[in-house]
Amino acid sequence: MDEYAIEFKEITKRFGTLVANDHVSWRIKKGEVHALLGENGAGKSTITSILFGLLQADSGEILVDGKSVLIHNPNDANALGIGMVHQHFKLVPSYTVTENIILGLEPKTAWGHINYQRARSKIQEISHQFGLAVDPDARIANINVGMQQRVEILKTLYRDARIIVLDEPTAVLTPQEIDDLMQIILRLKAQGRTIIFISHKLKEIKTCADQVTVLRRGKIVGSADVSDCTEAQLAEMMVGHAVEFVTQKDAPTIGNVVLRLENISVKSMRGSIAVKDLSLSVHAGEVLGIAGVDGNGQSELALALSGVVKPVKGKIYLDEVDVTSFGVRKRVEMGLGLTPEDRETQAVISNFNLAENYVLKTFYRNPYSSVLGFLNKKKISDDAQVQLENFDVRSANGWRSSISELSGGNRQKVVVAREMTIASKLLVVCQPTRGLDVGSIEYIHRQIIAQRNAGKAVLLISFELDEILNLCDRIATISHGSIVGIIDAKDATRQQVGQMMTASHKETVVG
Ligand SMILES: Nc1ncnc2c1ncn2[C@@H]1O[C@H](COP(=O)(O)OP(=O)(O)OP(=O)(O)O)[C@@H](O)[C@H]1O
Ligand SMILES: [Mg+2]
């Protein structure tokens with residue numbers, strides 16, 4: 001029996017002049033969890049997409065179980081026992097969970113119809129076995145990203161893949177869901193499956209991986225036994241310099257109230273009350289964090305702040321102006337920048353280029369449009385290019401690249417760059433560093449503090465307690481749509497905030 005499940009030999013892949021994979025030689029042992037680490041745009045999704053048959057290498061060879069193979073498409077990959085959970089979901093929104101999982105592999109009845117009953121019971125069996133809770137009859141469009149991710153994982157398990165690639169599976173999961181996934185990965189390994197695990201979270205790699213390989217700008221820079229390296233060493237290997245995990249900041253200079261929420265209630269897509277009687281003030285010069293478990297009204301609060309959804313009750317004041325009935329554009333004009341939690345559906349247009357995405361909310365006004373309505377394309381691309389360089393957004397053709405050609409983390413940087421420019425008074429950031437590498441996180445965190453130091457009010461909504469503790473001046477905890485406590489971040493500990501989140505949770509559930 002061959003020792004390696006997969007061997008990449010001298011794989012090179014170019015996109016135009018950009019070399020996404022540069023003579024990558026990489027071996028994955030059978031039955032191990034092998035982490036692939038690397039900065040945004042390092043080429044991780046590219047090399048694994050080549051393995052899954054979504055992309056073709058320009059040169060090089062792939063061996064599966066010691067045999068040289070040609071993988072032209074995902075069907076070839078499936079036939080070789082390779083499954084992949086993608087960084088950007090590939091689910092059909094109008095189909096149900098069950099329909100998505102069985103797509104292309106539908107069990108049939110004796111009459112040739114799809115045997116949904118058999119499909120559902122097999123899905124329930126797998127989901128039970130691996131602790132992946134899904135509603136088999138829900139439509140993808142109506143479920144949250146966490147459940148969509150579980151559907152993607154179930155899809156590979158349904159196909160009984162022996163080698164499973166997880167491309168940043170945890171970027172969209174809550175801390176609780178991440179803990180569960182770590183267990184799932186270890187269970188898969190115990191059954192002898194081989195896992196390629198892509199993640200920017202060093203902690204996760206320490207928890208579940210045996211081996212780690214680092215890619216930098218398309219090249220392998222090293223491979224190591226996970227137990228031999230510290231998180232700091234991994235970070236340094238990845239970005240090429242030491243990384244500061246704690247953002248330096250002085251005491252805040254607090255100004256006037258910029259955002260004031262007065263007893264707002266907001267309905268969810270499903271029609272239930274998701275934000276309940278919530279009141280909150282954010283001052284100029286401070287970062288106020290909202291900590292909480294996913295699904296406690298954070299998404300609806302963000303939609304209400306952006307102007308996409310109108311609260312059913314209460315008032316929103318921006319600089320003491322009642323903006324409750326203002327739409328998105330009017331709020332942008334008042335200096336509100338907001339990075340939504342789901343950038344793919346709420347923040348970018350993927351076939352537009354980077355410059356077009358950069359001015360998505362401001363193209364209609366001076367200096368990007370003339371009074372006659374003509375676009376000043378030069379100004380748009382010049383400004384976009386400057387900001388893209390500031391944020392170190394990596395793409396093959398600068399502002400001319402389309403969003404769809406960018407790596408996940410680089411897409412996020414485009415959105416953050418845009419919203420920070422718009423936010424002259426208030427910056428609302430929801431999960432701003434989701435999917436970013438440690439170097440980019442360090443950069444974005446510094447930018448958030450710079451915004452606060454420049455006298456803007458910053459509201460940070462994040463499921464990452466470390467991020468909240470690192471950046472905030474005050475921490476509010478949200479539970480069941482209400483703020484259940486606000487504390488000064490100076491004296492806050494991880495345990496304390498964690499307890500507030502869970503304690504209030506139980507109280508509310510009981511009450
Ligand atoms: N279809 C494409 N056309 C042009 N360039 C592309 C395309 N796909 C990827 N690239 C470029 O190739 C490089 C590697 O991208 P890839 O998606 O593999 O990065 P990654 O390591 O997965 O990053 P992230 O952590 O941000 O997901 C990036 O610079 C990206 O812009
Ligand atoms: Mg990627």
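Per chain, the residues get numbers from 1 upward, laid out in the order the sequence is written. Lettering of chains starts at A and numbering of ligands starts at 1, both following the order in which they are written. In view of the model being predicted, local features appear only for residues whose pLDDT reaches at least 70, and side-chain atom pairs are presented and counted only at 80 or more, with totals across whole chains, interfaces and linings using the full set of residues. Side-chain measures here rest on the full set of heavy atoms in the structure, leaving out hydrogens and waters.

Draft legend 1. The site of ligand 1, seen in detail. The near set for a molecule or strand comprises every residue that places at least one heavy atom within 4 Å of it. Taken together, 20 residues form the shell around ligand 1, and within it Gly41, Lys44, Thr46, Ser407 and Gly409 come nearest. For this analysis, a polar contact is any N or O atom pair within 3.5 Å, provided that within protein one partner can donate a hydrogen and the other can accept it, and provided that sequence-adjacent residues contribute only side-chain to side-chain pairs. With respect to ligand 1, the backbone of Gly43 contributes an N or O atom lying 2.9 Å from an oxygen atom. In the model, an oxygen atom of ligand 1 is placed 2.8 Å from a nitrogen or oxygen of the Lys44 side chain. Values of accessible area rely on a 1.4 Å probe in the Shrake-Rupley scheme; residue burial ignores everything except the protein chains shown. When isolated, ligand 1 has an accessible area of 640 Å², and the protein chains bury 87% of it. Helix and strand assignments come from DSSP, with helices taken as H or I runs of at least 4 residues and strands as E runs of at least 2, each series counted from the N terminus. A total of three residues in the shell around ligand 1 trace back to one element, the largest contributor, which is helix H1 (residues 44-51). Amino acid classes used here: Ala, Val, Leu, Ile, Met, Phe, Trp, Tyr, Cys and Pro are nonpolar; Asp, Glu, Lys and Arg are charged; the rest, including Gly, are polar. Considered class by class, the residues forming the shell around ligand 1 number five nonpolar, ten polar and five charged. As used throughout, domain bounds are those supplied by an automatic or database domain assignment. Shared between two domains, the shell around ligand 1 holds at least three residues of each, these being domain 1 (4-239) and domain 3 (345-422).

Draft legend 2. Focus on the UniProt feature "domain: ABC transporter" (unreviewed entry) in the protein. UniProt positions are given in the numbering used here, feature names are shortened, and annotations may be inferred rather than shown by experiment. UniProt tags residues 6-242 and 259-505 as "domain: ABC transporter" (unreviewed entry). Strand forms 27% of residues 6-242 and helix 34%; the C-alpha atoms that close the span are 31 Å apart.

Draft legend 3. Fine view of the packing of aromatic side chains. Pairing of aromatic rings covers Phe, Tyr and Trp, the last through its six-membered ring, and needs centres within 6.5 Å; plane angles under 30 degrees mean stacked, over 60 mean edge-to-face, and all others mean tilted. All chains considered together, the criterion is met by three aromatic pairs. Ring geometry for Phe363 and Tyr364: centres 5.9 Å apart, planes at 85 degrees, overall edge-to-face. By the criterion adopted, a ring carries a charge over it if an Arg CZ or a Lys NZ lies within 6 Å of its centre and within 35 degrees of its normal. Here the guanidinium or amino end of Arg260 rests over the ring plane of Tyr317, the centre of that ring lying 4.3 Å away. Arg329 extends its terminal NZ or CZ atom over the ring of Tyr364, reaching a point 3.6 Å from the ring centre.

Draft legend 4. Summary view of the side chain of Thr324. Within the secondary structure, Thr324 sits in the loop between strand E15 (321-322) and helix H10 (328-333). One polar contact links the side chain of Thr324 to the main-chain amide nitrogen of Ile316, over a distance of 2.9 Å.

Draft legend 5. Summary view of the domain arrangement of the protein. If you check the domain split of the protein, you get domain 1 (4-239), domain 2 (244-335 + 425-511) and domain 3 (345-422). Relative to domain 3, the C-alpha centre of domain 1 lies at a distance of 30 Å. At the junction of the two partners, domain 1 supplies nine residues and domain 3 supplies nine residues. Counting the surface lost from both domain 1 and domain 3, the interface buries some 660 Å², and carbon and sulfur atoms represent 45% of this. A pair is scored as a salt bridge if a Lys or Arg side-chain nitrogen falls within 4 Å of a carboxyl oxygen belonging to Asp or Glu. There are one salt bridge connecting domain 1 and domain 3. Taking the shortest distance from any N to any O, the salt bridge between Glu39 and Arg394 comes out at 3.5 Å. Put simply, domain 1 and domain 3 have two residue pairs in polar contact (both at pLDDT 80 or more) between them. Looking at the side of domain 1 that touches domain 3 residue by residue, the classes come out as two nonpolar, five polar and two charged. Throughout, a contact is declared for two residues whenever any of their heavy atoms are within 4.5 Å. Buried area: the sum, over both parts, of the accessible surface (1.4 Å probe) that disappears when the two are put together.

Draft legend 6. Structural view of the state of the cysteines. Pairs of cysteine sulfur atoms within 2.5 Å are identified as disulfides in what follows. Applying the stated criterion across every chain yields a total of zero disulfides. The thiol sulfur of Cys208 is not disulfide-bonded, and the nearest other cysteine sulfur, from Cys229, lies at 14 Å. Categorising residues by exposure relies on relative accessible area from a 1.4 Å probe, with only protein chains included: less than 20% of the type maximum marks a residue as buried, more than 50% marks it as exposed, and the intermediate range marks it as partly exposed. Taking the relative accessible area as the measure of exposure, Cys208 reaches 2% and is therefore buried.

Draft legend 7. Region of the structure containing the sheet that holds strand E5 (residues 67-69). When DSSP locates at least two bridges between a pair of strands, those strands are taken to pair. On the basis of which strands lie adjacent, the open sheet formed by four strands has the order E2-E1-E4-E5 and antiparallel pairing. Sheet topology places strand E2 (18-29) and E5 at the edges, where each strand pairs with a single neighbour. Strand-to-strand twist across the sheet, computed as the mean angle between neighbouring axes with direction ignored, equals 25 degrees. Note that strand E1 (residues 4-15) and strand E4 (residues 59-64) share five bridges and pair antiparallel. What sits directly across from Glu7, in E4, is Leu63. Between N-to-C directions, angles cover 0 to 180 degrees, with each direction set by a line fitted to C-alpha atoms, over the stretch in contact for helices.

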